[in-house]
Amino acid sequence: MALRLRSARGSDAPVIAELHIASWRDAYRGILSQEFLDTGIEGEFNAHWATTLSGRRRAGAVIVAMAGRHLAGFVAAWREGVNCHVDNLHVRPGMRNAGIGRALLGFAAQRLQDQGAVSADLWVIAANQGAMRFYLSLGAEVEAPTTRVTFGQTVTERRLYWPGITNLIAACAR
Ligand SMILES: CC(C)(COP(=O)(O)OP(=O)(O)OC[C@H]1O[C@@H](n2cnc3c(N)ncnc32)[C@H](O)[C@@H]1OP(=O)(O)O)[C@@H](O)C(=O)NCCC(=O)NCCS
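Scoring rules and cut-offs
Residues numbered from 1 in each chain as written. Predicted model: local features only at pLDDT ≥ 70, side-chain atom pairs only at ≥ 80, totals over all residues. Heavy atoms only, no water. Near = heavy atom within 4 Å. Polar contact = N/O pair within 3.5 Å; in protein donor to acceptor, adjacent residues only side chain to side chain. Areas by Shrake-Rupley, 256 points an atom, 1.4 Å probe, with all protein chains shown as cover. 1 Å grid on protein atoms, 1.4 Å probe; cavity = no way out; pocket = protein on both sides within 12 Å on 5 of 7 lines; lining within 4 Å. Sits in = over half its atoms within 2 Å of the grid points. Helix = DSSP H or I, 4+ residues; strand = E, 2+ residues; numbered from the N terminus. Nonpolar A, V, L, I, M, F, W, Y, C, P; charged D, E, K, R; others polar. Points joined across faces, edges and corners; volume = space filled by probe spheres on them. Salt bridge = Lys/Arg side-chain N within 4 Å of Asp/Glu carboxyl O. Buried < 20%, exposed > 50% of the residue type's maximum accessible area, 1.4 Å probe, protein only. Contact = heavy atoms within 4.5 Å.

**Here's the deal with the site of the ligand**
Now for step 1: In the region of the ligand, 21 residues are neighbours, and L89, N97, G99, G101 and N128 sit closest.
Now for step 2: Contact between the ligand and R102: an oxygen atom at 2.8 Å from a main-chain N or O atom of the residue.
Now for step 3: Burial of the ligand by the protein chains amounts to 76% of its free accessible area of 900 Å².
Now for step 4: When each cavity is represented as a set of grid points, the ligand is found to reside in the largest pocket.
Now for step 5: The biggest single contributor to the shell around the ligand is helix α4 (residues 129–137), with six residues.
Now for step 6: Here the residues of the shell around the ligand sort into 10 nonpolar, eight polar and three charged.

**Concerning the layout of surface pockets**
Now for step 1: Here the largest pocket defines a volume of roughly 1,100 Å³.
Now for step 2: Looking at the largest pocket, it is lined by 39 residues, and the ones nearest its centre are L89, H90, N128, A131 and Y135.
Now for step 3: Of all the secondary-structure elements, those providing two or more residues to the lining of the largest pocket are α1 (13–27), α2 (34–52), β4 (83–91), α3 (100–114), β5 (119–125), α4 and β7 (146–150).
Now for step 4: Considering each element in turn, the lining of the largest pocket owes the most residues, seven residues, to β4.
Now for step 5: Along the lines of polarity and charge, the residues of the lining of the largest pocket split into 19 nonpolar, 13 polar and seven charged.

**Structural notes on the pattern of salt bridges**
Now for step 1: Enumeration over the complete set of coordinates arrives at eight salt bridges.
Now for step 2: The closest approach of N and O atoms between E42 and R25, which form a salt bridge, is 2.9 Å. Residue E42 is found in helix α2, and its partner R25 is found in helix α1; the two are separated by 17 residues along the sequence.
Now for step 3: Judged by its relative accessible area of 36%, E42 is partly exposed.
Now for step 4: Measuring nitrogen to oxygen at the nearest pair gives 2.8 Å for the salt bridge that ties R148 to E157.
Now for step 5: The network of salt bridges with common partners includes D121, E143 and R159.

**Considerations on the environment of R158**
Now for step 1: Mapped onto the fold, R158 is located in strand β8 (residues 153–162).
Now for step 2: Note on R158: relative accessible area 24%, which makes it partly exposed.
Now for step 3: For the pair formed by R158 and A108, sequence separation is 50 residues and the distance between their alpha carbons is 21 Å.
Now for step 4: Beyond its immediate sequence surroundings of up to four residues, R158 is in contact with L122, W123, V124, A126, M132, V142, E143, A144 and P145.
Now for step 5: For R158, the side chain forms a polar contact with the main-chain oxygen of E143, separated by 3.1 Å.

Below, the structure written as structure tokens:
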């Protein structure tokens, strides 16, 4: 089915939260606490997306990939000075490895470049090997592992970055 990428609307908040929750439960099982994935995550993500997509928005872009009427994936990237910080990138379990993540990331990076971003970065949980391979295949540079606290849980993460956002956009287009 053809994929359509567009900016997220306020009315997309519940379905983005639903996909975000499903993706975390799939990708972070055995990495984050089971209790948080089973229960805590729902309130956190529903509140986050309701707030993020209402009222005055941060500089950046939230992009959804629609397969017909169904949400296949989404990306949120914020402009921090002249950097594009990719906060979230998720493709629905069962629809991965079909180019949707790359299309979303390239689309958002282009939007942020149009807003003045010249570089890009993001954090990846070090144990998320699939995501690490995905970003490395797109030419990311990697910093040393560091311990951070995410939703009250201590995890080892790595910062990945592209000194030139143009290289990220080109890699996503290949
Ligand atoms: C990581 C993620 C966003 C990638 O999106 P995707 O649609 O699956 O990836 P794409 O199909 O666009 O992949 C592009 C390339 O990366 C490779 N790739 C993607 N996921 C991969 C994986 N898990 N392991 C190895 N390679 C992978 C693909 O083979 C493809 O390379 P190719 O075109 O040369 O064959 C998606 O798998 C996902 O949602 N994962 C769970 C959530 C997550 O980890 N998000 C990132 C948090 S930082």
